[in-house]
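# Understanding the architecture of this molecule
These are the residues of each chain, in order.
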Amino acid sequence: MAFINESLGENQRYLFPRDLFYKPYNPYKEPIELYRWTVDWDRDVFIISLGTIGPEQPEYFAMSWCKKVIKFAAYVHFEADENVSHASVRKAHATVTWKITSLTIPSALQAIREEVIQLLLEGLDAMGNSNSRREGVDTVKVIFT
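Residues numbered from 1 in each chain as written. Predicted model: local features only at pLDDT ≥ 70, side-chain atom pairs only at ≥ 80, totals over all residues. Heavy atoms only, no water.

### Some thoughts on the overall build of the protein chain
Defined as follows: In this description a helix means any DSSP run of H or I spanning at least four residues, a strand means any run of E spanning at least two, and both kinds are numbered starting from the N terminus. The classification of residues rests on relative accessible area computed with a 1.4 Å probe and restricted to protein chains. Under 20% of the type maximum is buried, over 50% is exposed, and intermediate values are partly exposed. Only heavy atoms matter for contacts: two residues are in contact if any of them lie within 4.5 Å across the pair. All accessibility values rest on the Shrake-Rupley procedure with a 1.4 Å probe; residue burial counts only the protein chains present in the view.
When helices and strands are counted, the protein chain shows one helix and seven strands. Of the regular secondary structure in the protein chain, the N- to C-terminal order runs β-β-β-β-β-β-α-β. Here the protein chain holds 145 residues, and the buried ones make up 39% of them. Considering only contacts within the protein chain whose residues lie at least 6 apart along the sequence, 58% involve residues at least 24 apart. Carbon and sulfur atoms make up 51% of the accessible area of the protein chain, which amounts to about 8,400 Å² in all.

### Points about the environment of alanine 2
If you trace the backbone, alanine 2 turns up in the segment before strand 1 (4-7). Residue classification places alanine 2 among the partly exposed residues on the basis of a relative accessible area of 46%. Sequence separation between alanine 2 and glutamate 122 is 120 residues, and the spatial gap between their C-alpha atoms is 8.5 Å. Sequence-distant contacts of alanine 2, that is, excluding residues within four places in its chain, are made with Val39 and Asp40.

### Remarks on the side chain of glutamate 59
Put simply, the rule reads: His is not counted, nor are the chain ends, whereas Lys and Arg count as positive and Asp and Glu as negative. Counted as salt bridges are all cases of a side-chain nitrogen of Lys or Arg within 4 Å of a carboxyl oxygen of Asp or Glu.
Within the element layout of this structure, glutamate 59 appears in strand 4 (residues 59-65). There is no salt bridge for the buried glutamate 59, and the closest opposite charge comes from arginine 36, which lies 11 Å off by N-O distance. Not counting residues up to four positions away in its chain, the partners in contact with glutamate 59 are Ser49, Gly51, Thr52, Phe72, Ala73, Ala74 and Ser130.

### Some points on the pairing of strand 6 (residues 94-104)
Rules: At least two bridges found by DSSP between two strands is the condition for calling them paired. Place the viewer so that the strands point away; then a crossover is right-handed whenever the path from the first strand over the helix to the second strand goes clockwise.
Here nine bridges tie strand 5 (residues 68-79) to strand 6, and the two strands are oriented antiparallel to one another. Bridging across to strand 6, alanine 73 finds its partner in serine 102. Relative to strand 7 (residues 137-144), strand 6 is paired through seven bridges, and the arrangement is parallel. Considered in strand 7, the bridge of threonine 95 is made with threonine 139. Handedness of the β-α-β unit built from strand 6, helix 1 (residues 113-127) and strand 7 comes out right-handed.

### Regarding the environment of leucine 124
Tracing the chain through its elements places leucine 124 in helix 1. The class of leucine 124 is buried, set by a relative accessible area of 0%. Once the C-alpha coordinates of leucine 124 and lysine 141 are considered, the two residues, 17 residues apart in sequence, prove to be 8.7 Å apart. Those residues in contact with leucine 124, other than ones at most four positions away along the chain, are Ile47, Phe72, Trp98, Ile100, Val140 and Val142.

### Focus on unusual backbone geometry
One non-glycine residue with positive phi stands out, namely glutamate 56, at about 65 degrees. Relative to the elements of secondary structure, glutamate 56 occurs in the loop between strand 3 (45-52) and strand 4. Phi angles above zero are rare outside glycine, and lysine 67 is one such case at about 60 degrees. A residue is classified by how much of its surface remains accessible, and lysine 67, at 75% relative accessible area, is exposed.

See the structure below:
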């Protein structure tokens, strides 16, 4: 099976322990509010948004794999026909570009870093835009800075 975007059910909230999955730069580790995720059930890997700290700032994400959490920050740029509004993204034929500005891979996964990056690329391609919507997205590009 490959990555898919799904709505989260209440019975899946246990997967996000507060000490690992919290809003970025929050000293109180305020829990995130999740409604959707990008998941590959066969490989036991998922990607979720942790949120952002403000306008013009990157969005923060976490990818869980092998019981380890990989965190990254990215700007997402949506480009479509100028007549298409962001609200109608599902009908648009758009290009989404992810600009990864930071990537933290736990030491236990450093030996398989390339495999981690490949999973991240596959997951972002399936995710489409930052709202886990692939509909209407023709192309997904990922750039590491």
